[in-house]
Amino acid sequence: MYLNKIKEKIETMDINDFIAIIKRLTSNEIDELYTQLKQDCEVKNINCDYFKALKDEINRRKSYKIRP
């Protein structure tokens, strides 16, 4: 439900606001949003900048988990 609101407003949202929001999401929410945005970007060719920002956040989180 929260993710649907993000997805509805994404096209009018500033990329920096989007990044601030995704930093507060849980891993499950990030995974769900990733799936939705990936489909939008690959199939409809929309929201690709937001998809890239989300991928960067996922990679950032993974890099924290890898460090000893």
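Rules used throughout
Residues numbered from 1 in each chain as written. Predicted model: local features only at pLDDT ≥ 70, side-chain atom pairs only at ≥ 80, totals over all residues. Heavy atoms only, no water. pLDDT = per-residue confidence, 0-100. Helix = DSSP H or I, 4+ residues; strand = E, 2+ residues; numbered from the N terminus. Salt bridge = Lys/Arg side-chain N within 4 Å of Asp/Glu carboxyl O. Buried < 20%, exposed > 50% of the residue type's maximum accessible area, 1.4 Å probe, protein only. Axes fitted to C-alpha atoms, helices over the stretch in contact; angles between N-to-C directions. Left-handed = near helix turned anticlockwise from the far one by under 90°. Contact = heavy atoms within 4.5 Å. Nonpolar A, V, L, I, M, F, W, Y, C, P; charged D, E, K, R; others polar. Core = buried A, V, L, I, M, F, W, Y, C linked by side-chain atoms within 4.5 Å.

Draft legend 1. A look at the confidence of the model for the protein. In this model, the protein carries a mean pLDDT of 87, and residues with pLDDT of at least 70 account for 93%. By mean pLDDT, helix α1 (residues 2–9) is the weakest element of the protein at 84, and helix α2 (residues 15–22) is the strongest at 92.

Draft legend 2. Examining the pattern of salt bridges more closely. Under the defined criterion, the tally for this structure stands at four salt bridges. The shortest N-O distance in the salt bridge between arginine 60 and glutamate 57 comes to 2.7 Å. Placement of the pair is arginine 60 and glutamate 57 together in helix α4 (residues 48–66), with a separation of three residues, close to one helical turn. Glutamate 57 sits in the buried class, given a relative accessible area of 4%. When salt bridges with common partners are traced through the structure, they connect Lys7, Asp40 and Lys44 into a single cluster.

Draft legend 3. Molecular detail of the packing of α1 against helix α3 (residues 27–44). The geometry of α1 relative to α3 is characterised by a closest axis approach of 10 Å and an angle of 35° between their N-to-C directions. Where α1 crosses over α3, the two elements pack in a sense that is right-handed. Residues Leu3, Asn4, Ile6 and Lys7 of α1 touch α3, and the partners they reach there are Glu29, Glu32, Leu33, Gln36 and Asp40. For the contact of α1 with α3, the per-class residue count stands at three nonpolar, two polar and four charged.

Draft legend 4. Spotlight on the environment of cysteine 41. Assignment of secondary structure puts cysteine 41 in helix α3. Using a relative accessible area of 14% as the deciding quantity, one classes cysteine 41 as buried. Considered as a pair, cysteine 41 and lysine 52 are 11 residues apart in the sequence and their alpha carbons are 9.4 Å apart. Beyond its immediate chain neighbours, meaning those up to four positions away, cysteine 41 contacts Ile46, Cys48 and Phe51.

Draft legend 5. How the structure looks around the nonpolar core. Core analysis: the largest hydrophobic core is formed by 18 residues, its most contacted members being Ile6, Phe18, Ile22, Leu25, Leu33, Leu37 and Leu54. Within the residue set of this core, elements represented by two or more residues are α1, α2, α3 and α4. Top contributing element to this core by residue count: α4, with six residues. Apart from the residues within four sequence positions on either side, leucine 33 is in contact with Leu3, Ile6, Phe18, Ile22, Leu25 and Leu54.

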